[in-house]
Number of protein chains: 2
Amino acid sequence: MTRWPADTQERLKRTAIDLFSSRGFDAVTVAEIAEAAGVTERTFFRYFGDKREVLFTDQNAYNALFLDALADADATSPLALVEAALRGGGTFFPEQRRPMSRARQKVIDSSTALLERDSLKRGALVDALTTALVTRGVPPVAASLAAQSGSAVFHVAFTAWVSEGEDRSFIELLDDALAALRSLLA
Amino acid sequence: MTRWPADTQERLKRTAIDLFSSRGFDAVTVAEIAEAAGVTERTFFRYFGDKREVLFTDQNAYNALFLDALADADATSPLALVEAALRGGGTFFPEQRRPMSRARQKVIDSSTALLERDSLKRGALVDALTTALVTRGVPPVAASLAAQSGSAVFHVAFTAWVSEGEDRSFIELLDDALAALRSLLA
């Protein structure tokens, strides 16, 4: 059992992922998550709209890491701007987050509905990055492609990072994936 | 009203898209689609698991266009293989399909649940292309990035093709998007 953090939202999240991991996403009810976290169902719904949302709650803070890094970047080429954004996003995955990210991803991979939500969230980040690149003067088509290619690079790194037995750091895996993208057209 | 094709599945699809377009996806029931298409509800469920599936029914045939073209390609570089796959997929969008594709996309854009499904279907195609590239000897990371970049290119072309007022052919838009990807890393 993970140690309970003081913050209620974070505690609900960890409790839910523990329960989903051990008993399956579909089998666990909101009432059970609330009880295991020592709060009422009503408290659960103060933080999350539904059971699925527990797994996607950090999305705004997560996206902001990419967008803030892009806004701060001195680079001018579309790909260099995207690379800066990805390095910003990568700070969301320090080593101590790996066990939780791995457990969360296994839960998501077990359910089509969760995979759909996850896929849409990635799409929303791509759209936000595209808009940010256009704001920096990148033409729309190049912006969209750079954002989508960047998302692909990040996804490759993330998938490797949460896979069993992988112990390289997120940033190492991101560097490898960026190099692979660059060599794709070489 | 679109002319009714002889094939029942195709007729149900066109009828559903007409109804979704005029009254909104959520407001239309399966019973209404069946009635408007002149069949029973039971017949509807012989072709589709649910209302949402009507919009995603061609997926296997669609994916096969990409995968068959990739399998037939003489190219060896990951990107050239992907380009062959995209050109195969592009044959799914001749000019006469544009009004239907445009109507379908508007319905999808109107609903988070449909966008989630659409996003997941794109992800499934990326996975299938990645596997096909690995089968052709491309290393996994390069295969994944090439497939995802290719999907991005295709998505850019498709989004332009179904946008109001766009009259360039799908293949012209695909060529433009491929050129933009190439220049991204130049």
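Residues numbered from 1 in each chain as written. Chains lettered and ligands numbered in written order. Predicted model: local features only at pLDDT ≥ 70, side-chain atom pairs only at ≥ 80, totals over all residues. Heavy atoms only, no water.

Q: Requested: an account of the overall build of chain A, with residues and values cited.
A: If you tally the helices and strands in chain A, you get 9 helices and 0 strands. Reading chain A from its N terminus to its C terminus gives the helix and strand order α-α-α-α-α-α-α-α-α. Taking 186 residues into account, the globule formula puts the C-alpha radius of gyration at 16 Å, and chain A, at 18 Å, falls close to it. Projected onto the principal axes, the alpha-carbon positions of chain A cover approximately 55 × 35 × 30 Å. Within chain A, the proportion of its 186 residues that are buried is 49%. (Helix = DSSP H or I, 4+ residues; strand = E, 2+ residues; numbered from the N terminus. Rg over C-alpha atoms; globule rule 2.2 N^0.38 Å. Buried < 20%, exposed > 50% of the residue type's maximum accessible area, 1.4 Å probe, protein only.)

Q: Can you explain the interface of chain A and chain B? Please cite residues and give values.
A: Contact with chain A, which involves 27 residues of that partner, is made by 27 residues of chain B. Surface buried jointly by chain A and chain B totals about 2,200 Å² across both partners, of which 74% is contributed by carbon and sulfur atoms. Summed over the shared surface of chain A and chain B, the result is 4 salt bridges. A:Arg52 serves as the salt-bridge partner of B:Glu116, at 3.4 Å between the closest nitrogen and oxygen. For the pair chain A and chain B, the interface holds 7 residue pairs in polar contact (both at pLDDT 80 or more). Counting residues per element, the ones that place at least two in the side of chain A that touches chain B are helix 5 (78-90), helix 7 (112-135), helix 8 (140-162) and helix 9 (170-184) of chain A. The greatest single-element share of the side of chain A that touches chain B, amounting to 11 residues, is contributed by helix 8 of chain A. Grouping the constituent residues of the side of chain A that touches chain B by class yields 16 nonpolar, 6 polar and 5 charged. (Contact = heavy atoms within 4.5 Å. Buried area = accessible area lost by both parts, 1.4 Å probe. Salt bridge = Lys/Arg side-chain N within 4 Å of Asp/Glu carboxyl O. Polar contact = N/O pair within 3.5 Å; in protein donor to acceptor, adjacent residues only side chain to side chain. Nonpolar A, V, L, I, M, F, W, Y, C, P; charged D, E, K, R; others polar.)

Q: Got a sec to walk through the relation of the copies chain A and chain B? Specific residues and values, please.
A: Note on the copies: chain A fits chain B at an RMSD of 0.0 Å, the axial shift is 0.0 Å, and the rotation between them is 180°. As the rotation angle and translation indicate, the two copies are arranged about a two-fold axis. Of the residues that chain A buries at the interface, 100% are likewise interface residues in chain B, meaning the two copies contact each other through the same surface. (Least-squares fit on C-alpha atoms with pLDDT ≥ 70 in both.)

Q: Quick one: what's the story with the packing of aromatic side chains, residue by residue and with numbers?
A: Summed over all chains, the structure comprises 34 aromatic pairs over all chains. A ring pair is formed by A:Phe93 and A:Trp161, whose centres lie 5.3 Å apart and whose planes are at 55°; its orientation type is tilted. Highlighted residues: A:Phe93 in the loop between helix 5 and helix 6 (98-109) and A:Trp161 in helix 8, separated in sequence by 68 residues. Each member of the pair, A:Phe93 as well as A:Trp161, is classed as buried. Centroid distance B:Tyr47 to B:Phe48: 6.4 Å. Interplanar angle 50°. Geometry classified as tilted. Judged by relative accessible area, which is 31%, B:Tyr47 ranks as partly exposed. Linked through ring pairs, A:Tyr62, A:Phe66, A:Phe92, A:Phe93, A:Phe154, A:Phe158, A:Trp161 and A:Phe170 together constitute an aromatic cluster. Over the ring of B:Phe25 we find B:Lys51; its NZ or CZ atom is 4.4 Å from the centre of that ring. The ring centre of B:Phe92 lies 3.8 Å from the NZ or CZ of B:Arg97, which sits over that ring. (Phe/Tyr/Trp six-rings, centres within 6.5 Å; stacked < 30°, edge-to-face > 60°. Lys NZ or Arg CZ within 6 Å of the ring centre and 35° of its normal.)

Q: Can you break down the nonpolar core residue by residue, with the values?
A: Where a protein is soluble and globular, its nonpolar side chains tend to be buried together. A:Leu133 and B:Leu133 are the most contacted members of the largest nonpolar core, which has 76 residues in total. Broken down by element, the residue count for this core peaks at 13 residues, all from helix 8 of chain A. The residues touching A:Leu133, leaving out its near neighbours within four places in the chain, are A:Leu70, A:Pro78, A:Leu81, A:Val82, A:Val138, A:Ala143, A:Ala146 and A:Ala147. (Core = buried A, V, L, I, M, F, W, Y, C linked by side-chain atoms within 4.5 Å.)

Q: So what's going on with the packing of helix 8 of chain A against helix 9 of chain A? Residues and values would help.
A: All names here are of chain A. The N-to-C vectors of helix 8 and helix 9 enclose an angle of 135°; their axes lie 8 Å apart at closest approach. What the angle tells us is that helix 8 and helix 9 run oblique. The two elements helix 8 and helix 9 meet at a crossing, and its hand is right-handed. Across from Ser149, Val153, Phe154, Val156, Ala157, Phe158, Ala160 and Trp161 in helix 8, the residues of helix 9 making contact are Phe170, Leu173, Leu174, Ala177, Leu178 and Leu181. (Axes fitted to C-alpha atoms, helices over the stretch in contact; angles between N-to-C directions. Parallel < 35°, antiparallel > 145°, perpendicular 65-115°, else oblique. Left-handed = near helix turned anticlockwise from the far one by under 90°.)

Q: For helix 2 (residues 30-37) of chain A, give the residues involved together with the corresponding values.
A: A turn of α-helix holds 3.6 residues, and therefore any two residues three or four places apart point the same way. Residue and element names in this part refer to chain A. Every buried residue of helix 2 is listed here: Val30, Ile33, Ala34 and Ala37. Looking straight down helix 2, one finds its buried side chains confined to an arc of 95°; they lie on one side. Next to the buried residues of helix 2 lie helix 1 (8-23) and helix 3 (41-47). (Arc of directions from axis to C-beta.)

Q: Kindly report on the pattern of salt bridges, identifying the contributing residues and their values.
A: Residue and element names in this part refer to chain A. Taken as a whole, this structure holds 26 salt bridges over all chains when the rule is applied. A salt bridge links Glu32 to Arg23; the shortest N-O distance between them is 3.3 Å. Here Arg98 and Glu95 are joined by a salt bridge, their closest N and O atoms 2.9 Å apart. What emerges from the salt-bridge pattern is a single network uniting Glu83, Arg87, Asp175 and Arg182.

Q: Outline helix 6 (residues 98-109) of chain B, listing residues and values.
A: Residue and element names in this part refer to chain B. Its 12 residues give helix 6 an end-to-end C-alpha distance of 16 Å, which sits within 8% of 16 Å, the value for a rise of 1.5 Å per residue. Here helix 6 has its buried residues at Arg98, Met100, Ser101, Arg102, Arg104, Gln105, Val107 and Ile108. Packing partners of the buried residues in helix 6 comprise helix 1 (8-23), helix 7 (112-135) and helix 8 (140-161). (Expected span 1.5 Å × (residues − 1).)

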